[in-house]
Amino acid sequence: MAETPPATVTPVRLWHWRRNPLRRRSDVIEGWIIAVGWILAVACAVFAGVTAARVTDAASAARASQVHAATAMVTDGTPGVPAGDGKYGDWQVRAAVRWTDPDGSVHTGQAVVPAGAPAGTRVPIWADRAGHVVGAPVSATAATVQAALTGILVGPLAGAAVWAVGKGIRVRLVRRRLAEWDEEWKKTGPRWGNLSGGRG
């Protein structure tokens, strides 16, 4: 029975041109640019995504801390029902309202109320510290989702921008290498033709 030869293990190298005698300095530089470019692209994508998510979440929290819920009272009589075709939104109108803050200060403003609500109807509103009616802040869940989506969008864009810079540097290196080859061939080409008897 024939003996099976031992299996040869081929070592895996990071760059196949590492010990290549034709390797040039520009090859080494290009290899490092590729490696560092990918590392920076991934790192920048993660950093930018996390930072954008945190900034968005902080902005939502800051806005939520500057507004408060209040109960206002319609003051200008029955708001007129807008003319419409019965589609969504025809059941709400803007009307003058008045509310009292927890510190006792009274404010007035315009708020969206149900169409046909008589004077004295109490409606929930959101107001800022200056006493202006504002939109309701996003919920904690919606703020988290918004922050996550912002991070998911910003992260890859930042990584792609870094990768594009590395790609641009590599393109310049390749052009420079081709220019160097052209210059060397201008010197070597005529001698090569002489050595091959004019047939090369």
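Predicted model only: the values in this text are computed from it and were never measured.

J.: Mind laying out the side chain of Asp101, listing which residues take part and the relevant values?
T.: Looking at the secondary structure, you find Asp101 in the loop between β2 (92–100) and β3 (106–114). Buried charge without a salt bridge: Asp101, with Arg129 as the nearest opposite-charge side chain at an N-O distance of 9.9 Å. Looking at Asp101, its side chain comes within polar contact range of the side chain of His107, at 2.8 Å. Sequence-distant contacts of Asp101, defined by excluding residues within four places in its chain, comprise His68 and His107.

J.: So, the pairing of strand β4 (residues 122–128): which residues are in play, and what are the values?
T.: By the bridge criterion, seven bridges tie strand β1 (residues 67–74) to β4 in an arrangement that is antiparallel. In the sheet register, Thr71 faces β4, and the bridge partner there is Pro124. The pairing of β4 with strand β5 (residues 133–134) spans two bridges and is classified as antiparallel. When the sheet's bridge partners are listed, Ala127 is paired in β5 with Val133.

J.: Describe in detail the environment of Ser60, supporting the description with residues and values.
T.: In this fold, Ser60 is placed in helix α1 (residues 25–65). In this structure Ser60 comes out as buried when scored by relative accessible area, which is 15%. Ser60 sits 83 residues away from Ala143 along the chain, and the two C-alpha atoms are 6.3 Å apart. When near neighbours in sequence (up to four residues on either side) are disregarded, Ser60 contacts Val138, Ala143 and Gln146.

J.: Report on the pattern of salt bridges, specifying residues and quantitative values.
T.: A full pass over the atoms with the stated rule returns two salt bridges. Across the pair Arg176 and Glu180 runs a salt bridge, and its minimum N-O distance is 3.6 Å. Here Glu180 and Arg176 lie together in helix α2 (residues 140–195), a separation of four residues that amounts to about one turn. Among the residues examined, Arg176 registers a relative accessible area of 56% and is labelled exposed. When the shortest N-O distance is used, the salt bridge between Lys186 and Glu183 registers 3.7 Å. Highlighted residues: Lys186 and Glu183, both in helix α2, separated by three residues, approximately one helical turn. For Lys186, a relative accessible area of 57% corresponds to the exposed category.

J.: So what's going on with the side chain of Thr56? Which residues, and what values?
T.: When you line up the elements, Thr56 lands in helix α1. Accessibility expressed as a relative area gives 15% for Thr56, which makes it buried. Once residues lying within four places of it in the same chain are set aside, the contact partners of Thr56 are Gln146, Ala147 and Thr150.

J.: Describe in detail the environment of Ala58, supporting the description with residues and values.
T.: Tracing the chain through its elements places Ala58 in helix α1. On a C-alpha basis, the gap between Ala58 and Ala147 in space is 9.0 Å, while along the polypeptide they are 89 residues apart.

J.: Can you tell me about a nonpolar patch on the surface, naming the residues and giving the values?
T.: Together, Ile34, Trp38, Val42, Val46, Val50 and Trp163 make up a nonpolar patch on the protein surface, roughly 560 Å² of accessible area in all. Of the residues forming the nonpolar patch, the biggest block, five residues, is contributed by α1. Looking at the element boundaries, Trp163 is found in helix α2.

The rules behind these values
- Residues numbered from 1 in each chain as written.
- Predicted model: local features only at pLDDT ≥ 70, side-chain atom pairs only at ≥ 80, totals over all residues.
- Heavy atoms only, no water.
- Helix = DSSP H or I, 4+ residues; strand = E, 2+ residues; numbered from the N terminus.
- Buried < 20%, exposed > 50% of the residue type's maximum accessible area, 1.4 Å probe, protein only.
- Lys, Arg positive; Asp, Glu negative; His and termini not counted.
- Salt bridge = Lys/Arg side-chain N within 4 Å of Asp/Glu carboxyl O.
- Polar contact = N/O pair within 3.5 Å; in protein donor to acceptor, adjacent residues only side chain to side chain.
- Contact = heavy atoms within 4.5 Å.
- Pairing = 2+ DSSP bridges.
- Patch = residues over 30% accessible without salt bridge, like charges linked within 9 Å, V, L, I, M, F, W, Y side chains within 5 Å.
- Areas by Shrake-Rupley, 256 points an atom, 1.4 Å probe, with all protein chains shown as cover.

By themselves these figures say nothing about function.
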